Amino acid sequence: MADVDVIVVGAGPAGSAAALSVARTGRSVLLIERGPFPGSKNMYGGVIYGRVLDSLIPHWWEEAPIQRWVTRRSTMIMTPTQALTVDFRTESWAKPPYNGATAYRPDFDAWLADHAVAAGAQLVCSTTVTGLIREHGRVVGVRTDRPDGDLRADVVIACDGVNSFLAKEAGLYTHTDASHFTVGVKETLALPREVIEERFGIRGTDGVDIEIIGCTDKIPGGGFIYTNLDTIAVGLVLQLPALAAQGRRPEELIAQLKAHAAVAPLVEGGELKEYSAHVIPEAGFSMMPELVTDGMLVAGDAAAMCLAAGIWLEGVNFAIGAGMAAGQAAVEALRLGDVSATGLAGYRRRLESGFVLSDHRKLSGVPSLVMSERAQHTMPQLAANVVERIFTVNNPRPKPGFGRIVRDELTASGVKMRDLVKDALVAAKGFG
Amino acid sequence: MSDISRIAACVKWVDLRPEIDSLTGAVSESERSSGFSAADRAAVEIALRLGEAWGAEVTVLCVGSPEVDAALREVVAAGAHHAVRIESADDAPSVEVARVLAASLDGVNTVICGDYSADRGSGSVPAFLAAELGAAQALGLVAVDPAEAGRVFATRRVGGGRSERLELTGPMVLSVEGSVAQLRRASLAAVLASADAAIDLPAVVVATTHRHDSVAVLDRSAVRPRARALPAPTGATPLVRIVALTGALVDRTPPRTVVATPDEAADLILDQLRQWGYLD
Amino acid sequence: MTNRRIAIVAVRDGQPGSGGIEAILEAGGRAILIGSDVAALATELTGFATDVTLVEAGDFAPAAWAGALAPLVDGFSGIVLTASPDGRDLAPRLAARLDRPLLAGAMTIGSDIVTVLRHGGLVQVDLAAPERFVATLQPGVRGVEPDLSLLYPTIRSVEFVAGPAADPVVLEVRPPEAATMDLAEAPRIVGGGAGMLGDGADERFEQLTRFGEAIGASMGATRVVTDAGVVSHQRQIGTTGVVVDPRLYLAFAISGAVQHTAGLGHPDHVISVNTDPHCPMMAMADLAVVSDANATLDALAARLALEAAEVARG
Amino acid sequence: MGELLWSPLRLGPVTVKNRIVFSAHLTNYATQDGMPSEQHAAYYAARAAGGAGLIITEEHSTHPTDWPYEKLIHGFNHDVITGYRLITDAVHRHRTPIFAQINHNGGQASSMYSRLPVWAPSAVADPLFREVPKAVSANEIADIVASYADVAQRCAEGGFDGVELQCSHSSIVRGFLSPATNRRTDEYGGSLENRARLLLEIVDAVRGALGTGLALGVRLCGDELIEGGTTIDEAVAVARLVDATGQVDYINTSIGVATASLFMIEASMHIPPGYAMFIPSAIRKAVDLPVVGVGRFKDPIQAERALEEGHCDLVGVVRGMIADPDFVAKARSGHTDDTRLCLSCNQECVGRMGLNRWLGCIENPAAGRESEGVGEVHLVRKPKDVLVVGAGPAGLQAALAAARQGHRVTVCERDVQAGGQVRLAASVPNRAEFGDLIRNQLTECRRNGVTLEYGVTVDAAEAARRGVDTVIVATGSTPSRPYWAGDAANVCDVRDVLEGTASPEGSVVIVDELVFHQATSVAELLADRGCAVEVVSPGMVVGQDLGITLDLENWWIRAGAKGIVQSTDLVAMDYSDGVLTLLHHLTNTNRTRTPDWIVCAVAPLPLDALYLELRDSGVEVQRVGDCVAPRRAHAAVVDGERVGSSI
């Protein structure tokens, strides 16, 4: 006999979205959080692309606790002494319905969880789920670290984060290859608000999200910088095994990034408020566990739904989307009275028709491209050298033609035109 | 006359990690990092243990604002029989807090507090409470063991690494260090049940009182430590002072460097320790 | 009332507790010593006190003492105690008895302003000194510097009269336990360094702890050792760990980088065991033994076990 | 750790982000016509980048009568503003405030450069410069005061955040304050109020020039340590007067006088850390202004403790940040163990300055050469396998410099541990800190992935067997035997004593031709062991070069106490039949001694056999340190850095 209809494990964006979706239908749902309150794990924030929230919380932008709206996105290609930036800015992202925002995760997560509670979900904090209760191969509930901590439910939704313990226990992870994990490190630096606005060329609550490639020495990965109201975040995503093999400390690499001529003027004088490090599954679609078993669904980081391959960091929106889909699928299965894997299969269909899996599938080749030697070192050098030669004024010698410069640099870098075309195709497929 | 079947724990809801501006000393508190201190949680646990040992009823009195209710429900889920919340002005003097607490503790035999609160940190409320209740006090305890109802054995640090073993009988006020006990976790069922259960939370308010001798606050700032005594070198001539400052002629035990086998080394060390008086 | 101050020092076996002397100096040299063997302490107050009243009162009993002290001190505007365990117990009891405000955890007790510390000592609050108050002074904030003009304190004794009061019964006072003692307070420390790492490091540090116990010393270690997880970080001496101030320090296989020695205080006696005679720890030592630290510990353990056995045989 | 150390503090209008100050010190980086340089800018910027809370520049002269040494910044010349901008812009890029110290050196000066009489309160000659100054007139005093205001105004225009008045060390204000040098009978002499009049007039004028936007500090001496000079009680009284003006934002402190008691200002490793702490402590008890403490702060914990105990509000760390510009950043991020600790050896900072060279550092070859890019990482495209033979200071520096550029480096050391002669030098009483040179290099080697092999002797065959791309030979030097010593068994080298292969007893004569720590260290060691020691030197004083590292005065004090006899102008000529013959070269007469032992501190010989053998066998090989030419440790480090970073 089930105590509740649905148990959601983890009150992050995925879990709260799932609980909210279930509670909305009047079903009983229990949201179990390990920390003392939702979002308590880290003090500072992340970038959130909130389009997915439109259907869940209409006009969410009027109430969500955000820091700045991202109105400017840049991609910076970097070598130790050069930087080439593609900069995009649009006014349309500065007004409703907006596009992306930076937010402090404790604020954001607590806000989303409050919505779930207001809709009727019951939130229990400071409680760690220690295992699954299974009967006849079916998941029928969870064990917690509290005394008499077993609780039964018709459906369990696991949103317990990276390297999900529950997904593993349910046998949904078929491969756990350490090489597909990256470590994300981030420094949050305090600067006066007006200094941030002056340095990044923004006003009011406008914000910037910069992605960087070529800033991680010999370690595959990428970097990012984004603006909060009176802090900025500077970070790196680094492939774990390479980091270990090189014996480098992530904070050294951050220090190096901060000292780069293109970054130093942005971060100078910032006072370190927080240094955080997280392990992120990197490899996208191919890394995802099975998402459904009898009586259980997996969503969010737990399902490796985080595209952290160097330059894309869009975990939160994928998490919310997946949480919503999981919640809806659970309700649907309950209505039909079949919570087996078959009954819950609606989850995967919803994901595939929605953006979550289609984006992941589309980008499935991108992580290995982004992490490749060519993308990491050769291409940034190549691109930067080409541009440097184009822009270097060398009068009175005539400027060589663009094609000539590209061919010279290709020869010097050892990249074959064939590879370049191949990478372009993968990238086009990913971005297109 | 106090009732040995009644025990109370007094706790305070405070910001455990308030942000303190190290330039101005301004303190900004956040509900997010608020909670009961380790010592307060230990006090509740000791109260529950004494309650079990003596078959007594346990009341938790909490100084705090309405945000604390969820945490109090958890305490009830963990086994407290009653929870009472008392609102207090931030700057209420400890003696006033103690007075109001005492009014709610009429007839209680044993009161247990955390040794000091995270914010004010003077640890004086329990002693004021004891004075108010005419009770025996034992503060800063590192161990509390129940004897028969209304009697405990307790251990208290007295400095220099020493401790004293005490015996107390009620009425008594104890304050405990956080290390004394870990507050038990409420069972999941109890947590879920207490969320719906109505808890009696009568609100008593400690207002800022304006006693005739209340102490005026002139300024708050980031700490600027007081200069400790550090004698300047004495000596009428510069050379004497230079020698004192450089320690050039300090008559140190001439360092002895000895190459030794492990056995010789052990003997040397033990002999030296005996010679210095560290060993008999 | 004139701005007159008096210190109250709770005395245990002639010892003033931490900050007791500072409280006397802060009160201008006038003090009441109450507790056990108070006369012994009085003889050591030359240079620190002008006017001392002795109350021989036996075991610590805050309620009874507050009752006995109240009439002796009520004529003074400021009553100063140290915020030691006993002082923190006694002060509020006395304040309640005298119906005076308590200014707890003071850094400075000036004539017009009393500065108290809050939030773990990060914030200071300046209070207008009330006409009548009881204050506790944080131990260590003032330091002790004898005033050589205070050569001969006048000493008088007062009979202790215990009124009716509820106090705990003191069953026993236990001596310090080296193994569990806070390292910062430990008067004797044995330290272990990188040379004790490697296979069997856990057992070696266990052995070091036991050797420490045998000579009444607490065990500490360098950062390399705590980083290796062999010893907990609370036992790390130095820049990123605990600052200690022992009288005796025995260093086993510690080279003595300044990050370690900067946290060592000023030990009266240092013994160092190391294979490198030229490292700074050896230069700092009174007795520098060039030998293998691990083997030396084995030999020490064997000797102490032997001695214990002999004592046991009688 | 570091709650106070890392907390911000207001100095009037300026907020510093932590309590560590890179306080004023001479650099000799100015151009010959007294202008600030790119060398200055890069040097200060590196310390700002490394996290210093506040930077205070070296002194800028306020007046043309003040030019005591060649490369002094001429604050009185309006053209300095361009150079000021160079410095302040570079430092402000790291959001670090920077103050300028302004000064007139008064009578502690020479007229050699200015060709004008030096000015002082009274005609009292400084013991170092021995030049009788002109006692200034009332008009000239007014001129001085006005010149301070002018220069302060220039500092404001040049982008400085504040100005510090140097009123200690070497300064006309100190001259007026000190009863030892102020013999005036007018309103500027006599009582303390009169002696402080010039200071207070300058404070008034400078504050007027600065307005309220810039900070103003005053640096006072707490004990001049000279006969009849200012002592602590009077320094506290002056601090009270300064505080009472209400125009000053902080007080900096110092000890000693830059000429007569300089060795107490820039204390070498023989003087305990924190030795001058009683000065800020006493001043801070008397005033409410923030107070800076100085005096061999080597470690953040020591600094934090000084703050916790209320002895000061800020700590000056100069040599610590010369040696490692990232001193603060490393401590702040919990990597104190990676700090390149200052040795307080004074060889390349104070020592080079004393010889009119630019300021450097024995273990940081980049110090003063930041603008040239020394020490920067330039990863090579094709890493090489590099073998370094010898783990002394030269070999280790070569190894870490090569590894820093990405090469794969192995160091082979014949001995069972690293260090070479440095290890021996650090083994004598009070010289242990010198050994940090090697420990710091080993730390940097480890961080850069250098492989160290001990107990391995490398000959040409072994080098060939290893098949590396390039070999760096750093095999050091060996003691030489003076011609006059013959084969007498009781004549040995200082290294033999330190290594323990010789144990002189009874009466010992040390023949010192190296005039540095070698002879004096061993003299102390043997005196401590009970020997009757005499040091003989051909120089004018024993341990002549200890003068530039400021170790001489303390050596005299200790030598005197230990009964060490010092004999000068003597050249060893012969030792036969137990009689040592010494030529007194001034009089061309002979002296004799009949000691039990003779210990030689004489020029060693390079161990260059391996290098020559490899070179002749066609291996790519270079050599560094003593095996090129035996010199002191700084030369070994410089060699190693140059060769290691150029592979």
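An account of the accompanying structure is given in this report.

Procedures and definitions
Residues numbered from 1 in each chain as written. Chains lettered and ligands numbered in written order. Predicted model: local features only at pLDDT ≥ 70, side-chain atom pairs only at ≥ 80, totals over all residues. Heavy atoms only, no water. Helix = DSSP H or I, 4+ residues; strand = E, 2+ residues; numbered from the N terminus. Contact = heavy atoms within 4.5 Å. Areas by Shrake-Rupley, 256 points an atom, 1.4 Å probe, with all protein chains shown as cover. Buried area = accessible area lost by both parts, 1.4 Å probe. Polar contact = N/O pair within 3.5 Å; in protein donor to acceptor, adjacent residues only side chain to side chain. Nonpolar A, V, L, I, M, F, W, Y, C, P; charged D, E, K, R; others polar. Salt bridge = Lys/Arg side-chain N within 4 Å of Asp/Glu carboxyl O. Buried < 20%, exposed > 50% of the residue type's maximum accessible area, 1.4 Å probe, protein only. Axes fitted to C-alpha atoms, helices over the stretch in contact; angles between N-to-C directions. Parallel < 35°, antiparallel > 145°, perpendicular 65-115°, else oblique. Left-handed = near helix turned anticlockwise from the far one by under 90°. Core = buried A, V, L, I, M, F, W, Y, C linked by side-chain atoms within 4.5 Å. Pairing = 2+ DSSP bridges.

What about the overall build of chain A?
Looking only at helices and strands, chain A features 15 helices and 17 strands. Residue pairs in contact within chain A that sit at least 24 positions apart in sequence constitute 71% of those at least 6 positions apart. Taken as a whole, chain A presents about 17600 Å² of accessible surface, with 55% of it coming from carbon and sulfur.

Things to note about the interface of chain A and chain D
Taken together, the ten residues of chain A in the interface contact seven residues of chain D. Across the chain A/chain D interface, buried area totals approximately 770 Å², and carbon plus sulfur atoms make up 39% of it. Ranking the residues of chain A by area buried against chain D places Arg249, Glu268 and Gly269 of chain A at the top, with a combined share of 46%. Between chain A and chain D we count one residue pair in polar contact (both at pLDDT 80 or more) in total. Of all the elements in the fold, those that place two or more residues in the side of chain A that touches chain D are helix H5 (193-200) and helix H7 (250-259) of chain A. Counted by class, the side of chain A that touches chain D contains three nonpolar, one polar and six charged residues.

Side note on the pattern of salt bridges
Enumeration over the complete set of coordinates arrives at 73 salt bridges over all chains. A salt bridge links Glu524 of chain D to Lys562 of chain D; the shortest N-O distance between them is 2.8 Å. Of this pair, Glu524 of chain D sits in helix H18 (residues 517-528) while Lys562 of chain D sits in helix H19 (residues 552-562), and the two are 38 residues apart along the sequence. In this structure Glu524 of chain D comes out as buried when scored by relative accessible area, which is 4%. On the basis of relative accessibility, which here comes to 30%, the residue Lys562 of chain D falls in the partly exposed class. The salt bridge partner of Arg632 of chain D is Asp545 of chain D, with a shortest N-O separation of 2.8 Å. With a gap of 87 residues between them, Arg632 of chain D in the loop between strand E27 (621-623) and helix H21 (633-645) and Asp545 of chain D in the loop between strand E20 (532-536) and H19 connect regions that are remote in the sequence. Here Arg632 of chain D falls in the partly exposed class, since its relative accessible area comes to 27%. Assessed through its relative accessible area of 22%, Asp545 of chain D is described here as partly exposed. A single salt-bridge network, built from bridges that share partners, covers Arg156 and Glu164 of chain B together with Arg12, Asp86 and Asp89 of chain C.

Remarks on the packing of helix H2 (residues 80-92) of chain D against helix H3 (residues 138-157) of chain D
Helix-helix packing: each pair is described by the crossing angle between the helix axes and the interaxial distance. Residue and element names in this part refer to chain D. Viewed as axis vectors pointing N to C, H2 and H3 meet at an angle of 45 degrees, and their least axial separation amounts to 9 Å. When the interaxial angle is binned, H2 and H3 end up oblique. Classified by chirality, the crossing of H3 by H2 is right-handed. Only Val151, Arg154, Cys155 and Glu157 of H3 make contact with H2, whose side of the interface consists of Val80, Ile81, Tyr84 and Arg85. Considering only residue class, the contact of H2 with H3 consists of five nonpolar, no polar and three charged.

Quick word on the nonpolar core
Core analysis: the largest hydrophobic core is formed by 134 residues, its most contacted members being Leu33 of chain C together with Leu165, Leu199 and Val206 of chain D. At seven residues, H3 of chain D tops the list of elements feeding residues into this core. If we skip the residues at most four places from it in the chain, Leu33 of chain C touches Val9, Val11, Ile24, Val38, Leu41, Ala42, Leu45, Val52, Thr53, Leu54 and Val55 of chain C. In this structure, Ala14, Ile66, Ala299 and Ala330 of chain A belong to the second largest nonpolar core, which totals 53 residues.

Looking at the sheet that holds strand E12 (residues 218-221) of chain C
Read from one edge to the other, the open sheet built from six strands follows the order E15(B)-E15(C)-E14(C)-E13(C)-E11(C)-E12(C), with strand pairing classed as parallel. Strand pairing shows two members of the sheet lacking a second neighbour, strand E15 (256-259) of chain B together with E12 of chain C, which therefore form its edges. Going across the sheet, the axis of each strand differs from the next one's by a mean of 15 degrees, ignoring polarity. Inspection of the sheet shows E15 of chain B paired to strand E15 (residues 287-290) of chain C by four bridges, in the parallel sense. Residue pairing across strands places Val258 of chain B opposite Val289 of chain C, the latter belonging to E15 of chain C. Along the sheet, helix H7 (residues 262-276) of chain B makes contact with E15 of chain B together with strand E13 (248-252), strand E14 (269-274) and E15 of chain C, crossing E14 of chain C at roughly 175 degrees. Each of strand E11 (188-192), E12 and E13 of chain C is contacted by helix H5 (residues 201-214) of chain C, which is oriented at about 165 degrees to E11 of chain C, the strand it contacts most.

Geometry only, nothing functional implied.
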